[in-house]
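An overview of the molecular structure
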Amino acid sequence: TFVPASRVSRIKVSPSTAASARARELKAAGHDIVDLTVGEPDFDTPENVKGAAHAAIDRGETKYTAVNGTPALRNAIIGDFQRRLGLTYSDNEMCVGGGAKQILFLALMASVENDAEVIIPAPYWVSYPDMVIANEGKPVIVQCPQETGFKLTPEALEKAITPKTLWLILNSPSNPTGAAYSRSELDALGKVLLRHPQVFVLSDDIYDQVWFKDEPMTTLAAVVPELKDRVLLTNGVSKSYAMTGWRIGYAAGPAPLIAAINKLQSQMSSCPSSVSQAAAAFALANDQTFIIDSVKVYKDRRDYACARLNAIPGLSCLVPDGAFYLYPNCGGVIGKKTPDGKVIENDLDFVLYLLDGVGVAALQGAAYGLSPYFRLSFATSMEAITEACDRIEKAVKALI
Ligand code: PLP
């Protein structure tokens, strides 16, 4: 019988995938489920982006490309970082892959060994710890409570750094909280990092264009230019342009790290899909009305859902700066009893109660490393969000 290698048995399947799958199963079995577990835009990919893919096929762009992508995509990425963030990168400082997820994995594979430590602020995107473990590193989880806006403080960072620290992962705006670091917060973290030259920063900015604040979004490499050569800035088209299935992500950073990632990529996939690259290049380099329009819609949903949840006794929710998730606190329902007499001991019990009791699928905070919370996605219709809020309210009110 087949026995997987230890790097496989050490890690787990993404819990968000598992929960979404369960909600889909229940739906398929005829249950009335409002699914708020989705981690992707509910919008279709913009028509003009699809058109660019058709045109690429017609031009015969259906072959392998350079490992670091087509010139059109590279120029579009470099242009985007320059325009939006004021950051200048050259060709040998950027790489592309099959989603930001692949780039993050390759970056860790290219750098981590011998239990090198990777600081991961919690709550975190579920994949980070397992990616570190799969690559023989040691995740160092730092709890970032609601009181600090779910953000890493300079003091907490300083305490977490050891001589073995190789990476700090920053994800702003964050999945699952939507919290984003301000210019002054990044500056303060930067001051700590400047004292520890062995630490690199994985800046996962995949949600940076799903942005609700008036002040412009920013990122560590732009705020602290002295750190630019220690930051791997990762991004992609999945969330901003509703292109999750096209699988294009990219990163910019120090040339030696990029060269190592490209070397691995040359042996792993050669290059991402040529057709998807053409579509992504078009999305980045042409008119951005899709982003403006979709963010308006997300913002209305965010405001509505936050107001509804904050009006439910026992729940409370910070207003996210970006991304399309809410991370409400459910501390007020812990210890209560369901109408069936079951005690809600933790956030997993609570999401199971929501799923079985009122047919709302959400994800437990435990999966993201900070309890008692649960994650709701508002990348779904206002109708579904309204229905979900009604049901959650009913479920919480039914607790004794
Ligand atoms: N980073 C974060 C925080 C995410 O939530 C996701 C997707 O869920 C990704 C990276 C990966 O995005 P992709 O691989 O689609 O580019």
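Cut-off values and rules
Residues numbered from 1 in each chain as written. Predicted model: local features only at pLDDT ≥ 70, side-chain atom pairs only at ≥ 80, totals over all residues. Domains from an automatic or database assignment. Contact = placed C-beta atoms within 7 Å. Helix = DSSP H or I, 4+ residues; strand = E, 2+ residues; numbered from the N terminus. Nonpolar A, V, L, I, M, F, W, Y, C, P; charged D, E, K, R; others polar. Buried ≥ 20, exposed ≤ 12 C-beta atoms within 10 Å, placed from the backbone. Right-handed = clockwise from strand over helix to strand, strands pointing away. Pairing = 2+ DSSP bridges.

1. Focus: the domain arrangement of the protein
- Considered domain by domain, the protein is made up of domain 1 (6–44 + 290–397) and domain 2 (63–285).
- With centres defined by C-alpha atoms, the gap from domain 1 to domain 2 works out at 26 Å.
- Facing 32 residues of domain 1, the contacting portion of domain 2 comprises 33 residues.
- Elements with a contribution of two residues or more to the side of domain 1 that touches domain 2: helix H2 (15–28) and helix H12 (289–310).
- Here the side of domain 1 that touches domain 2 takes six residues from H12, the largest share from any one element.
- Here the side of domain 1 that touches domain 2 is built from residues that sort into 17 nonpolar, six polar and nine charged.

2. Side note on the pairing of strand S6 (residues 200–204)
- Within S6, five of the five residues are buried, leaving the element largely enclosed by the surrounding structure.
- Side chains of S6 alternate between two faces, with Phe-200, Leu-202 and Asp-204 and Val-201 and Ser-203 buried alike.
- Viewed along the sheet, the connection from strand S5 (residues 165–171) through helix H8 (residues 183–194) into S6 turns out right-handed.
- The sheet contact formed by S6 and strand S7 (residues 231–236) spans four bridges and is parallel. Across the sheet, Ser-203 pairs through a bridge with Leu-233, a residue of S7.

3. Some points on the environment of Ala-259
- Relative to the helices and strands, Ala-259 is located in helix H10 (residues 255–268).
- Separated by 166 residues in sequence, Ala-259 and Glu-93 place their C-alpha atoms 8.1 Å apart.

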